[in-house]
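Below, each chain spelled out in residue letters.
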Amino acid sequence: MNDLPSIPVVSGSPMSEADERLIALFDKLEEGQLEFLDQAARRVIELSTAMLAVLFGVTAFGKDFPPPYLASNVLAKGLALATLGLYLLALFAGVVAVQPRPYSRSHAGLDRLRLTLEKIVTHKRGWYCAGIWLFLGGSLALAALIVVIILAA
């Protein structure tokens, strides 16, 4: 008369101390992930801003604008513009990652809370990753700019 499917019984053993430590470690990592992503995105903002200052120092300041090493060097001008664009985009990505956003919070279900948390982490991680890759691209473009300026001197 009982139409319920039978559930197999799996035998097991208690978790070892190493297993419990591993689970505790992952719980701690998960708990600190949002704060880490916020701090990392803020660092992208700080570094991008600092590197923009370096770029402006290399290209814009001095008694003559544009400086002689940029005036007739089309490649250097292009690299300077690419560097500027990449650092500005990295700065933008960092700001979007830390920008407060409204999140729906369900008081009735843990599944909705988990889904909301996953969305928050995915959003922050995505913008942080974009920012760090853009920052890397800007740094490579700045390095190439400096090499081009040195070789042209």
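So, how was this worked out
- Residues numbered from 1 in each chain as written.
- Predicted model: local features only at pLDDT ≥ 70, side-chain atom pairs only at ≥ 80, totals over all residues.
- Heavy atoms only, no water.
- Helix = DSSP H or I, 4+ residues; strand = E, 2+ residues; numbered from the N terminus.
- Rg over C-alpha atoms; globule rule 2.2 N^0.38 Å.
- Buried < 20%, exposed > 50% of the residue type's maximum accessible area, 1.4 Å probe, protein only.
- Contact = heavy atoms within 4.5 Å.
- Areas by Shrake-Rupley, 256 points an atom, 1.4 Å probe, with all protein chains shown as cover.
- Expected span 1.5 Å × (residues − 1).
- Polar contact = N/O pair within 3.5 Å; in protein donor to acceptor, adjacent residues only side chain to side chain.
- pLDDT = per-residue confidence, 0-100.
- Axes fitted to C-alpha atoms, helices over the stretch in contact; angles between N-to-C directions.
- Parallel < 35°, antiparallel > 145°, perpendicular 65-115°, else oblique.
- Left-handed = near helix turned anticlockwise from the far one by under 90°.
- Nonpolar A, V, L, I, M, F, W, Y, C, P; charged D, E, K, R; others polar.
- Phe/Tyr/Trp six-rings, centres within 6.5 Å; stacked < 30°, edge-to-face > 60°.

### Thoughts on the overall build of the chain
Scanning the chain for helices and strands turns up four helices and zero strands. Its C-alpha atoms give the chain a radius of gyration of 25 Å, clearly above 15 Å, the size a compact globule of 153 residues would have. Counting only C-alpha atoms, the chain reaches 90 × 35 × 25 Å along its principal axes. Residues counted as buried form 26% of the 153 residues belonging to the chain. Taking the contacts inside the chain whose residues are at least 6 apart along the sequence as the reference set, 82% of them involve residues at least 24 apart. Accessible surface, the chain: about 11,100 Å² in total, of which carbon and sulfur atoms supply 67%.

### Quick word on helix H3 (residues 74-98)
Its 25 residues place the ends of H3 37 Å apart at the C-alpha level, agreeing with the 36 Å of an ideal helix rising 1.5 Å per residue. All buried positions along H3 are accounted for by Ala76, Leu79, Ala80, Thr83, Tyr87, Ala90, Ala93, Gly94, Val96, Ala97 and Val98. At its buried positions, H3 is contacted by helix H1 (17-59), helix H2 (68-71) and helix H4 (110-152). Two or three places before Leu75, at the start of H3, stands the capping residue Asn73, its side-chain oxygen 3.3 Å from that residue's backbone nitrogen.

### Some thoughts on the confidence of the model for the chain
For the chain, per-residue confidence averages 85 on the pLDDT scale, and 95% of positions sit at 70 or higher. Taken element by element, the chain is modelled with least confidence in H2, mean pLDDT 78, and with most confidence in H3, mean pLDDT 93.

### Observations regarding the packing of H1 against H4
Direction vectors running N to C along H1 and H4 enclose 20 degrees, while the axes themselves pass 9 Å from each other. Relative to H4, H1 is oriented roughly parallel. The two elements H1 and H4 cross, and the hand of that crossing is left-handed. A breakdown of the residues in the contact of H1 with H4 according to their chemical character gives 19 nonpolar, four polar and three charged.

### Details of the packing of aromatic side chains
Here the structure, examined in full by the defined rule, presents two aromatic pairs. When the centroid spacing of 5.5 Å and the interplanar angle of 45 degrees are considered together, the rings of Tyr87 and Phe135 count as tilted. With Tyr87 in helix H3 and Phe135 in helix H4, the pair connects residues that are 48 residues apart, well separated along the chain. Exposure remark for Tyr87: the relative accessible area of 0% places this residue in the buried category. Its relative accessible area of 14% is what places Phe135 among the buried residues. Taking 5.9 Å as the distance between ring centres and 85 degrees as the angle between the ring planes, the aromatic pair formed by Phe92 and Trp127 counts as edge-to-face. In this pair, Phe92 is assigned in helix H3 and Trp127 in helix H4, connecting sequence segments 35 residues apart.

### What to know about the side chain of Thr83
By the secondary structure assignment, Thr83 is in helix H3. Residue classification places Thr83 among the buried residues on the basis of a relative accessible area of 0%. Setting aside residues up to four positions removed in sequence, Thr83 forms contacts with Leu55, Gly138, Ala141 and Leu142.

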